[in-house]
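# Remarks on the overall topology
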Amino acid sequence: MTLYSNQTYSKTTRLYNDKVMVLMVDELSAVFAALADPTRRAILQRLADGDAQVSDLAAPFRISQPAISRHLKVLENAGLISRNRVATARFSHLEPDRLKEASEYMERYKKFWGESFDKLDGALASFQRDTPPMGKGRDV
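Right, let's walk through the structure included here. Fair warning: this is a prediction, and the values are worked out from it, not measured in the lab.

### With respect to the environment of A102
As for its position among the elements, A102 is in helix α5 (residues 96-130). According to the relative accessible area criterion, A102 is buried, its value standing at 4%. C-alpha separation for the pair A102 and F32, spaced 70 residues apart in sequence, amounts to 7.7 Å. When neighbours within four sequence positions are excluded, A102 is seen to be in contact with L28, V31 and F32.

Following this line, the structure appears as structure tokens:
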């Protein structure tokens, strides 16, 4: 293999890895965008109990079935649900793997913030121990 082909391979690998990373971020962005709407979160909560038809999913809301169908399309595009036909009925099914991916992503930051808050609590406690209260040996 020549030096040129090694450089080409390296650039191709880097480019491929960048594209994979962008794809992962885009998919995750679609999940979080879908989860941003309370109606869609309620639909997912209902689907956690089992598959349902559009009419069943629309029942608790004061919006039309076409509006529910648009919400379902967003959830489907984000990979949070799948839809299938049984005779003339169309059922929606929760796809929990995508929720798991989003949860794992958030868990990394939850750990970071937990550690950061622990450090902040320690610094505050140290500051409070080292600082005399107002009026007791402290000039005002």
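### Quick look at the packing of aromatic side chains
With the rule as written, the count across this model stands at 2 aromatic pairs. Taking the centre distance of 6.0 Å and the plane angle of 55 degrees together, the rings of F32 and Y105 count as tilted. One end of the pair, F32, is in helix α1 (residues 3-35); the other, Y105, is in helix α5, and 73 residues separate them in sequence. Judged by its relative accessible area of 27%, Y105 falls in the partly exposed class. Among the aromatic residues, ring-to-ring pairing joins F32, Y105 and Y109 into one connected group.

### A look at the pairing of strand β3 (residues 89-94)
Pairing geometry for strand β1 (residues 52-53) and β3, over 2 bridges, is antiparallel. Paired with Q53 across the strands is F91, a residue of β3. Counting the residues that bridge the hairpin from strand β2 (residues 81-86) to β3 gives 2 residues, and of these A87 lies at a positive phi of roughly 60 degrees.

### Some words on unusual backbone geometry
The backbone of A87 sits at a positive phi, close to 60 degrees, despite the residue not being glycine. Topologically, A87 is positioned in the loop between β2 and β3.

Parameters and conventions
- Residues numbered from 1 in each chain as written.
- Predicted model: local features only at pLDDT ≥ 70, side-chain atom pairs only at ≥ 80, totals over all residues.
- Heavy atoms only, no water.
- Helix = DSSP H or I, 4+ residues; strand = E, 2+ residues; numbered from the N terminus.
- Buried < 20%, exposed > 50% of the residue type's maximum accessible area, 1.4 Å probe, protein only.
- Contact = heavy atoms within 4.5 Å.
- Phe/Tyr/Trp six-rings, centres within 6.5 Å; stacked < 30°, edge-to-face > 60°.
- Pairing = 2+ DSSP bridges.

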